[in-house]
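Overview (structure and organization)
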Amino acid sequence: MRSSLQQCLNVSDQKFIDHLHRSFNDPQLAAIQWAAMHTAAGTNGVGSARRQEPWPFTLVQGPPGTGKTHTVWGMLNVIHLVQYEHYYGALLKKLAPESYRQSYNNANSIGTGSIDDVIQSMDRTLFRMLPKLCPKPRMLVCAPSNAATDELLQRVLDSGFIDGEMKVYRPDVARVGVGSQNRAAQAVSVEHRTEILLGKCREEVIGYMQQLQGREVNLSQKISGLQRELSATAAAGRSQGTVGVDPDVLVARDHSRDQLLQNLAAVVEERDKVLVELSCLFILESRFRPGGEFNMEEARSNLEASFASEAEIAFTTVSSTDPKLFQRLAHGFDMVVIDEATS
């Protein structure tokens with residue numbers, strides 16, 4: 001019998017469940033499961049019976065050396081993986097509706113058993129809650145000190161996350177706060193990246209803008225081409241049907257379609273990043289216009305907010321959660337993690 005996770009995710013995601021059981025002990029896995037239930041705790045459909053919701057937070061407590069940071073890394077991995085599987089699913093349903101097919105179990109209960117039950121429930125709930133073309137999920141990770149914040153950030157930068165096919169991937173991250181002495185943290189610091197941009201001369205800014213505009217045109221053409229190819233593939237599949245078709249041919253047809261969908265998602269993601277970079281350069285471009293009014297502090301604030309806004313996970317100290325910067329963000333956060341919290 002297939003596991004509950006395999007019933008709603010890719011078959012290969014069972015490897016991810018096995019990875020969790022190998023990588024975390026029972027108390028750590030229980031903490032990850034409980035945190036995952038928060039993502040699963042969506043609202044029921046209209047007219048359905050109200051169910052008991054889990055507590056709105058997870059407290060992970062233990063003496064030094066018991067793997068709390070390792071456990072938090074696991075929490076981030078699990079929730080990020082499921083959130084972004086649905087984000088890309090929603091994106092592809094919008095961009096290639098004739099090609100994208102996925103069935104979901106419509107059960108309404110929150111999983112309270114094994115970790116794969118909980119992830120299945122997260123999967124169902126996200127499908128109910130996310131619109132067809134949804135904003136990217138975002139997370140905020142806070143700690144009381146630069147050292148504690150950078151330890152978690154370093155773990156994500158070094159180890160990355162594991163996806164359902166057991167491949168390592170690295171989410172887009174940003175470090176907010178200028179107090180870090182960690183070189184890796186400084187490289188993704190919104191303040192550091194902002195100062196690099198502000199230090200560019202007119203020729204560098206204009207030249208890079210032209211380069212990015214060319215890339216954006218090229219990527220948009222690729223997206224249109226992939227959409228046409230997917231539409232043609234879907235039409236050919238409908239005309240051929242499945243009755244009497246060699247099973248190997250059907251498998252190859254599905255594999256080809258899935259590869260096209262993956263390519264489409266990757267190109268759309270790349271174009272989005274180009275557009276973000278362009279938006280940052282447009283902030284700087286006004287600096288070099290004859291007679292233009294350019295406010296350095298306003299530009300600095302806008303650039304920092306732009307870098308923080310586009311990060312999938314933002315890391316900061318509790319004291320560095322600058323309300324002015326976060327008020328400029330175009331979104332809130334779907335999950336907040338506070339490491340080494342004290343009463």
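Computed from a predicted structure; not experimentally measured. (Residues numbered from 1 in each chain as written. Predicted model: local features only at pLDDT ≥ 70, side-chain atom pairs only at ≥ 80, totals over all residues. Heavy atoms only, no water.)

Right, let's talk about the overall build of the chain for a bit. A tally of regular secondary structure across the chain gives eleven helices and six strands. Within the chain, contacts between residues separated by at least 24 positions form 76% of all contacts whose residues are at least 6 apart in sequence. Put simply, the chain shows about 18,200 Å² of open surface, and 53% of that area lies on carbon and sulfur atoms. (Helix = DSSP H or I, 4+ residues; strand = E, 2+ residues; numbered from the N terminus. Contact = heavy atoms within 4.5 Å. Areas by Shrake-Rupley, 256 points an atom, 1.4 Å probe, with all protein chains shown as cover.)

A few words now on the nonpolar core. Of all hydrophobic cores here, the largest spans 39 residues; its most connected members are Val190, Leu197, Leu264, Leu281, Leu284 and Leu325. Those elements giving two or more residues to this core turn out to be helix H3 (68–95), strand E1 (139–143), strand E4 (173–176), helix H7 (190–198), helix H8 (202–240), helix H9 (247–285), helix H10 (296–310) and helix H11 (323–327). Considering every element that reaches this core, the biggest residue donor is H9, with eleven residues. Of all hydrophobic cores here, the second largest spans 29 residues; its members include Phe16, Met139, Phe161 and Ile162. (Core = buried A, V, L, I, M, F, W, Y, C linked by side-chain atoms within 4.5 Å. Buried < 20%, exposed > 50% of the residue type's maximum accessible area, 1.4 Å probe, protein only.)

Moving on, we come to the sheet that holds strand E6 (residues 335–338). Taken in spatial order, the four strands line up as E4-E5-E1-E6 in an open sheet, and their pairing is parallel. With one partner strand each, in any of the chains shown, E4 and E6 form the two edges of the open sheet. Averaged over neighbouring strand pairs, the angle between their axes works out to 20 degrees when direction is ignored. Where E1 lies against strand E5 (residues 313–317), five bridges are found, and the strand directions are parallel. Bridged to Ala143 within E5 is Thr317. Packed onto the sheet, H3 meets E1, E5 and E6 and runs at close to 170 degrees relative to E1. (Pairing = 2+ DSSP bridges. Axes fitted to C-alpha atoms, helices over the stretch in contact; angles between N-to-C directions.)

One way to put it is that H8 packs onto H9 with a least axis distance of 8 Å and a crossing angle of 155 degrees. The orientation of H8 with respect to H9, classified from their angle, is roughly antiparallel. For the pair H8 and H9, the crossing hand works out as left-handed. A class-by-class count of the residues in the contact of H8 with H9 yields 20 nonpolar, seven polar and ten charged. (Parallel < 35°, antiparallel > 145°, perpendicular 65-115°, else oblique. Left-handed = near helix turned anticlockwise from the far one by under 90°. Nonpolar A, V, L, I, M, F, W, Y, C, P; charged D, E, K, R; others polar.)

Here the focus is the packing of aromatic side chains. Counting across every chain of the model gives three aromatic pairs. Ring geometry for Phe24 and Trp73: centres 6.3 Å apart, planes at 35 degrees, overall tilted. Within this pair, whereas Phe24 is found in the loop between helix H1 (13–23) and helix H2 (26–40), its partner Trp73 is found in helix H3, the two being separated by 49 residues in sequence. The residues Phe24 and Trp73 share a single accessibility class, namely buried. Aromatic side chains Phe161 and Tyr169 sit 5.9 Å apart centroid to centroid with 75 degrees between the ring planes, which places their arrangement in the edge-to-face category. Exposure remark for Phe161: the relative accessible area of 0% places this residue in the buried category. (Phe/Tyr/Trp six-rings, centres within 6.5 Å; stacked < 30°, edge-to-face > 60°.)

In this section: the packing of H3 against H9. Here H3 crosses H9 at 100 degrees, and the two axes come no closer than 10 Å. As the angle between them shows, H3 and H9 are arranged roughly perpendicular. Seen from H3, the contacting residues are Tyr87, Tyr88, Leu91, Leu92 and Leu95; seen from H9, they are Leu261, Leu264, Ala265, Val268, Glu269 and Asp272.

This part is about H3. The α-helix advances 3.6 residues per turn, and as a result positions three or four apart in sequence lie on the same side. Under the 1.5 Å per step criterion, the end-to-end length of H3 is 40 Å for 28 residues, consistent within 8% with the ideal 40 Å. Among the 28 residues in H3, 21 count as buried, and that is most of the element. (Expected span 1.5 Å × (residues − 1).)

Here the focus is the pairing of E4. Every second residue of E4 is oriented toward a common face, with Val173 and Arg175 on one face and Ala174 and Val176 on the other, all of them buried. In terms of strand pairing, E4 meets E5 through four bridges, oriented parallel. The residue of E5 that forms the bridge with Val173 is Ile313.

In this section: the environment of Thr317. With respect to the secondary-structure elements, Thr317 resides in strand E5. Once the C-alpha coordinates of Thr317 and Gly177 are considered, the two residues, 140 residues apart in sequence, prove to be 7.1 Å apart. Dropping the residues within four chain positions of it, Thr317 is found in contact with Ala143, Ser145, Asn146, Thr149, Arg175 and Val176.

Glancing now at the pattern of salt bridges. In the structure shown here, the tally under the stated rule is eight salt bridges. One salt bridge in this structure joins Lys273 and Asp172, with 3.7 Å as the shortest N-O distance. With Lys273 in helix H9 and Asp172 in the loop between strand E3 (168–169) and E4, the pair connects residues that are 101 residues apart, well separated along the chain. Its salt-bridge partner being Glu297, residue Arg300 comes within 2.7 Å of it at the nearest N-O pair. Here Arg300 and its partner Glu297 are both found in helix H10, three residues apart, which amounts to about one turn of the helix. Within the structure, one salt-bridge network assembled from shared partners comprises Glu195, Glu297 and Arg300. (Salt bridge = Lys/Arg side-chain N within 4 Å of Asp/Glu carboxyl O.)

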